[in-house]
Amino acid sequence: MVEPKFSYLNQEHHTVVPPGRPPEAVELFNCDFGPAWDANFDNWPDRWSREQSVDFPHYLKIGIVDDPSPKNSAAAEPSQAPQRALRVELNGGAAAVHTPPIEVHAMYTYVVEAYVRTEGLKHDEACLALTFLDANNKPLETIRSEPIRRTTDWTKVRIGPVASTSQQVESALVTLHLGPTDKVDLKGFAWFKDIWLGRLPRMTLTADHRSHLYFDNETPQITCSASGFAEQHTKVIFELLDVRGDVAARGDVGLVAKQDTRSSTTPWRAGAGRGAQADTTGTGEAEITPSKSAEPPSDDQRPHSAAPIFAGTAVWEPRLPKPGFYRVRVEMPGKTGVANRREISLALARRLPAPVGGEFGWSLPTGEETLTLTQLAEVMGHSGCNWCKFPLWDESHPADREEQLVWFAERLGLRRIELVGLLSQPPEALQKQLFGAESQQAAGIFSMPTQMWYPSLEPIMTRLSLKVRWWQLGLDRDQSFVGYPELGKKIEQLKKQFTRYGQRVNLGMGWSWLKELPAEKPTWDFLTLSADPPLTWEEQITYLRATKDRGYLRWVVLDPLPRDHYSLETRTADLAMRMIAAKMEGADGVFVPQAFSDSAGILNQDGTVGELFIPWRTAAHVLAGAKPLGSLQLPSNCRTQVFQRGEEIVMAIWSDQPTSVSLFLGEDARQIDLWGRETRLPMDKGVQTLQVGPTPIFVTQISAALMRTQMSVQFEHTKLASLFGQPQYNGVTFKSYFPQSIRGQVRIVTPGTWKVAPKDIDFKTAPGETMYQQFEVALPQDATTGRQLLRLDFDLTADSRYQFSIYRQLEVGLSDVYGEAFTRLNENGELEVEQRITNETDEVLSFKCYLYPPDRKRLMMHVEDHGRGVDVKTFRLYDGEKLLNQTLFLRAVEINGPRILNYTVVAQP
């Protein structure tokens, strides 16, 4: 039989089923397992069938029973007949029970609903399936609902609205399925009830650009094609939604309709025939063979005055207001609600030149998917990518495939994109010869004798050797070479084989971040590094720092977060942060392992732009080829990373919590968010203000001289002793990156009542010269120890006047002995202040410790003979609620020693 297409996803991606049935749906099938469905009282639904094979054993008990829910218990009203349900009792294996074939047409879309209840399931899952059949009752495609394992009561399950992708569809089956996952349950139950199938008018949306990507002032043309609706003068409602889901534009457009001469579908009714039986030949696949009584209703069974059915189109041309990601939602109003609804995605971007020498790329392990190579090259040319991993060892394509790939490599080259050949899918005949079954593990393939695998690869290597210089053994997550004995020797042999024609070949393979990198001298040129689960951006930084200077390139696999589990804001922020982190630590390549994916890709499975396309493109264009310079310290817990590309300076900035930050980066500085929206930084009284949050933003067109000079500002000493009232000496230094001499003044602004002399430091510096000026600082008795943030206000004249502030940290006190405090309210209403003094030296120390609560007497404790470790003491204050949100001052004075620790804590419950 023909293998059906299979998918778990319905076309609206519903995970929570809305209450009620679609109000405009026409019911075609409804089985409540009542008496009308069991005319012979055998507890089996008439005209239904079940699969029987090794995987679907006949001994599983399946039958109609009373609804097990409490409302059908003995306490129910005597006049109420109990609802009925179909119960499946597990005993190993799986169960699949089919409705009779239901007549359907390609002109409609369909919704399936049922209620499911389970008990005792640990591994097995229950779900619905809708299978479309052709005129010969061969399966065309199958769509499954979300699986259910554990329920506390009846759970509504839905498929759709979905439509067949084939015009050959004639009928459909609804299947109730219960089966194992990785393990099998030997005990457990599943109940199904109220099986319903309805039809709606079918709607499809198309855009005039195949990729749904538009540039600058282009206006998309959206075409809605509808069929199966009953009113000739039907309108559809178009809405343009921005990335936040807000309506940016709206339009009502009438469908240009004509009558559809295809027949309408007659609903199934209980008692209309015996239906179909499943083929039980043991294949595990049910081939539906309808009996004569399952044929479509005769003319006298059809309505005598069937209403005409119409099909038509409507076109809408919305103006996309600014760059970003959009959705077009179209609804067909009905008499009682919405008859159907569809959405497609669009993206508007600025035209940008292809980046040069960038590190970012896509892996396309299954090739061009639903796009042509021409369309794929066009999309990639606007993606910000400089790399493309593509399968080149594949005989499932036409005979002229090699010529197509040569053209594809040339076209990518014109767009400054390097093609990397994936050697992951040998010809099927070779797979069977090598393994007797399919295998894609690179180490297994290339460990076989060369004469077995190279003849099929040689024509490709020969034809593409001048176009493709990079080759990867296996897919990105193929880690079969981890632990391979004499790996260097093996890779050297392969490189010699691949360079028989004198062309240089760069060869690499996949590796796990969590496995030790090979210690032998590398003969490979790169490793593609991945982890399962994927690394966070902080973990990525740690691993990249630990693997520098290994003698080969490190290509990082970057998996976007899945759409079904994270918000779009979280996904975009995470994607950008991991791209930034890779650049910060010098990754040589950054690859999305599956660019085509509805859940975690850059493009949708159908080749249209996904939600992450614009954020990826924006970050890739901004960061491609840039070198990390370091960070610019800012207040408000903002974090920055500065990059340089030629004479261009770019800064990424973000913060865990939303905040605003004031700074000055040059009069021409511009802000770009991840959606590609660029604005000039607003200036107010010589200061630029940025609104910063967890999602990174980029600042471009920064004055390079100004930024480099700001980043060079340092204190001579980053630590001050905790000596209060006594002068200490420090210095401030910076290097001028301006092309002309500069002069001006810097003021040091300190916390509290610190005394600094001179407070204002004059300077005059030649181009490239380093300025140094000493100053004196004295700490007051109440100066807080620990890290303190100082502000340096510059008034600088070069080609023009620049006034800006920068921030630097000084550590007060020796960092090997420090204090912390934490607060909480206890059950008696007292505020407990927990003091922790950490000693990281080998000295034994003693302190007098004081707590100064506002408007109350101070409290004192002793810490005696405190060696290495943490000493914990607790102060208790009555009426603790009155102190909440107030600042408490703590002071620890070393007995017979110079140390004084001052620190504060804000009282919290």
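Once a new chain begins, its residue numbering starts again from 1 and follows that chain's sequence as written. Per-residue local features are limited, in this predicted model, to residues with pLDDT of at least 70; the limit for side-chain atom pairs, both in listing and counting, is 80 or more; totals at the level of whole chains, interfaces and linings are taken over all residues. Hydrogen atoms and water are omitted, and side-chain values are computed over all heavy atoms in the structure.

**Focus: the overall build of the chain**
At step 1: The helix and strand tally for the chain stands at ten helices and 56 strands.
At step 2: Only protein chains enter the accessibility calculation, which uses a 1.4 Å probe. A residue is then buried if its area is under 20% of the maximum for its type, exposed if over 50%, and partly exposed in between. The buried share of the chain, taken over its 909 residues, is 53%.
At step 3: Pairs at least 24 apart in sequence give 72% of the contacts found in the chain among residues at least 6 apart.
At step 4: Computed with a 1.4 Å probe, the accessible areas rest on the Shrake-Rupley method; for each residue, only the protein chains presented here act as cover. Approximately 41,700 Å² of the chain is accessible, and the part contributed by carbon and sulfur atoms is 47%. The secondary structure listing takes helices from DSSP runs of H or I that are at least 4 residues long and strands from runs of E that are at least 2 residues long, numbered from the N terminus. Any two residues having at least one pair of non-hydrogen atoms within 4.5 Å are treated as being in contact.

**Points about the sheet that holds strand β54 (residues 869-877)**
At step 1: Spatially, β50-β51-β54 is the arrangement adopted by the three strands of the open sheet, whose pairing is antiparallel. Where the open sheet ends on each side, the last strands, each with one partner, are β50 (817-825) and β54. Across this sheet, the average inter-strand angle for adjacent strands is 20°, counted without regard to direction.
At step 2: Pairs of strands are assigned from DSSP output, requiring at least two bridges between the strands. Sheet topology places β50 next to strand β51 (residues 831-839); nine bridges connect them, and they run antiparallel. Directly across from Arg824, in β51, lies its bridge partner Glu832. Axis definition: a line fit to C-alpha positions, over the contact stretch in the case of helices; interaxial angles, taken between N-to-C directions, run 0 to 180 degrees.

**Comments concerning the nonpolar core**
At step 1: If you look at the biggest cluster of nonpolar residues, it comprises 97 residues, and the most contacted ones within it are Trp362, Phe390, Phe446, Leu473, Phe498 and Trp616.
At step 2: It is helix α8 (residues 568-584) that contributes the most residues to this core, nine residues altogether.
At step 3: Residues grouped as a nonpolar core are buried Ala, Val, Leu, Ile, Met, Phe, Trp, Tyr and Cys residues, joined through side-chain atoms within 4.5 Å. If you look at the next biggest cluster of nonpolar residues, it comprises 45 residues, including Tyr110, Phe192, Leu197 and Ile309.

**Things to note about the side chain of Glu811**
At step 1: Structurally, Glu811 is set in strand β49 (residues 801-812).
At step 2: Those residues within four positions of Glu811 in sequence are excluded, and the remaining contacts are Thr718, Lys719, Leu720, Gly786 and Arg787.

**What about the packing of α8 against helix α9 (residues 613-623)?**
At step 1: Between α8 and α9, the shortest axis-to-axis distance is 10 Å and the interhelical angle comes to 20°. By the angle between their directions, the pair α8 and α9 is classed as roughly parallel. The hand of the α8/α9 crossing is right-handed. Every residue of α9 that contacts α8 at Thr572, Leu575, Met579, Ile580 and Lys583 is listed here: Pro615, Trp616, Ala619, Ala620 and Leu623. Note on terminology: angles under 35 degrees are roughly parallel, angles over 145 are roughly antiparallel, angles of 65 to 115 are roughly perpendicular, and the others are oblique. For any helix crossing, the convention is left-handed if the near helix is rotated counterclockwise from the far helix by under a right angle, and right-handed if that rotation is clockwise.

**Some thoughts on the packing of helix α5 (residues 450-464) against helix α6 (residues 487-498)**
At step 1: Running from N to C, α5 and α6 cross one another at 45°; their axes reach a closest spacing of 11 Å. In terms of orientation, α5 lies oblique with respect to α6. The element α5 and its partner α6 pack so that their crossing is right-handed. The residues of α6 that touch α5, namely those facing Thr450, Trp453, Tyr454, Leu457 and Met461, are Leu494, Gln497 and Phe498.
At step 2: Any residue outside Ala, Val, Leu, Ile, Met, Phe, Trp, Tyr, Cys, Pro, Asp, Glu, Lys and Arg is labelled polar, Gly included; the first ten of those are nonpolar and the last four are charged. Residue composition of the contact of α5 with α6, by class: six nonpolar, two polar and no charged.

**Observations concerning the pairing of strand β25 (residues 387-391)**
At step 1: Within β25, five of the five residues are buried, which leaves the element mostly enclosed by the surrounding structure.
At step 2: With burial as the criterion, each face of β25 is covered, one bearing Trp387, Lys389 and Pro391 and the other bearing Cys388 and Phe390.
At step 3: Pairing geometry for strand β24 (residues 360-363) and β25, over three bridges, is parallel. Its bridge partner lying in β25, Trp362 is registered against Cys388.
At step 4: When the strands point away from the viewer, a crossover counts as right-handed if the route from the first strand across the helix to the second turns clockwise. In this fold, β24 hands off to helix α1 (residues 373-381), which returns the chain to β25; that crossover is right-handed.
At step 5: Note that β25 and strand β26 (residues 418-423) share five bridges and pair parallel. Pairing of Lys389 across the sheet is with Val420, part of β26.

**A word on the environment of Thr904**
At step 1: When you line up the elements, Thr904 lands in strand β56 (residues 900-906).
At step 2: Looking at Thr904, the relative accessible area reads 43%, which means it is partly exposed.
At step 3: Taking the C-alpha atoms as reference points, Thr904 and Leu851, 53 residues apart in sequence, are found 9.5 Å from one another.
At step 4: Residue contacts for Thr904: discarding those within four places in its chain leaves Thr784, Thr887, Leu888 and Phe889.

**Side note on the packing of aromatic side chains**
At step 1: Stacked, edge-to-face and tilted labels apply to pairs of Phe, Tyr and Trp rings (six-membered ring for Trp) whose centres lie within 6.5 Å, assigned for plane angles under 30 degrees, over 60, and everything in between, in that order. Tallying each qualifying case throughout the model produces 34 aromatic pairs.
At step 2: A centroid spacing of 6.5 Å and a plane angle of 65° characterise the contact between Tyr108 and Tyr110, whose relative ring orientation is edge-to-face.
At step 3: A relative accessible area of 0% places Tyr108 in the buried class.
At step 4: Residue Tyr110 is classed as buried on the basis of its relative accessible area, which comes to 1%.
At step 5: Ring plane angle 50° and centroid distance 6.0 Å describe the contact between Trp470 and Phe526, whose orientation is recorded as tilted. With Trp470 in strand β27 (residues 470-473) and Phe526 in strand β29 (residues 526-530), this residue pair connects regions lying 56 residues apart in the sequence. The same class applies to Trp470 as to Phe526, namely buried.
At step 6: Each member of the aromatic cluster is reached from another via a ring pair, and the members are Trp387, Trp470, Phe526, Trp555 and Phe591.
At step 7: Definition used: whenever NZ (Lys) or CZ (Arg) falls within 6 Å of the ring centre and also within 35 degrees of the ring normal, the charge is taken to sit over that ring. Against the face of Tyr108 rests Arg199, its NZ or CZ located 4.2 Å from the ring centre.

**A word on the environment of Phe591**
At step 1: Mapped onto the fold, Phe591 is located in strand β31 (residues 589-592).
At step 2: Note on Phe591: relative accessible area 0%, which makes it buried.
At step 3: Along the backbone, Phe591 and Glu359 are 232 residues apart, and their C-alpha atoms lie at a distance of 8.4 Å.

**A short note on the pattern of salt bridges**
At step 1: Salt bridge criterion: a side-chain nitrogen from Lys or Arg within 4 Å of a carboxyl oxygen from Asp or Glu. In total, this model carries 48 salt bridges according to the counting rule given.
At step 2: A salt bridge links Arg250 to Asp252; its shortest N-O distance comes to 3.4 Å.
At step 3: The partner of Asp795 in a salt bridge is Arg801, and the shortest N-O contact between them spans 2.6 Å.
At step 4: For Arg801, a relative accessible area of 52% gives the class exposed.

**A word on the sheet that holds strand β47 (residues 770-778)**
Within a sheet, neighbouring strands are paired by backbone hydrogen bonds and run either parallel or antiparallel to one another.
At step 1: Taken in spatial order, the four strands of this open sheet run β41-β43-β47-β45, and their pairing is antiparallel. Two strands bound the open sheet, and with one partner strand each, they are β41 (714-715) and β45 (755-757).
At step 2: Of the strand pairs in this sheet, strand β43 (residues 727-735) and β47 are connected by nine bridges, and their pairing is antiparallel. When the bridges of β47 are listed, Pro727 appears paired with Ala778.
At step 3: Packing against the sheet, helix α10 (residues 704-712) makes contact with β41 and β43, and its axis sits at approximately 155° to β43.

**Examining the pairing of strand β9 (residues 125-133)**
At step 1: A large share of β9 lies buried, amounting to nine of its nine residues.
At step 2: With five bridges joining them, β9 and strand β10 (residues 139-144) adopt antiparallel strand pairing. Within β10, the position partnered with Leu130 by the bridge is Ile143.
At step 3: Linkage of β9 to β10, two consecutive antiparallel strands, is achieved through a turn of five residues, within which Asn137 is found at a positive phi near 60°.

**Some remarks on the confidence of the model for the chain**
At step 1: On average, residues of the chain carry a pLDDT of 87, and 90% of them reach 70 or more.
At step 2: What pLDDT reports is the predictor's confidence in each residue, on a scale of 0 through 100. Counted against residues more than four places away or in other chains, residues 72-80, with its pLDDT under 50, gives four contacts.

**Regarding the side chain of Arg677**
At step 1: Among the structural elements, Arg677 can be located in the loop between β36 (670-672) and β37 (678-680).
At step 2: Whenever two N or O atoms come within 3.5 Å, that pair is a polar contact, provided that in protein one can donate a hydrogen and the other can accept it, and provided that, for residues adjacent in sequence, both atoms are side-chain atoms. Only 2.8 Å separates the side chain of Arg677 from the side chain of Asp673, close enough to count as a polar contact.
At step 3: Those residues in contact with Arg677 that sit more than four places away from it in its chain are Lys322, Pro323, Gln671 and Ile672.

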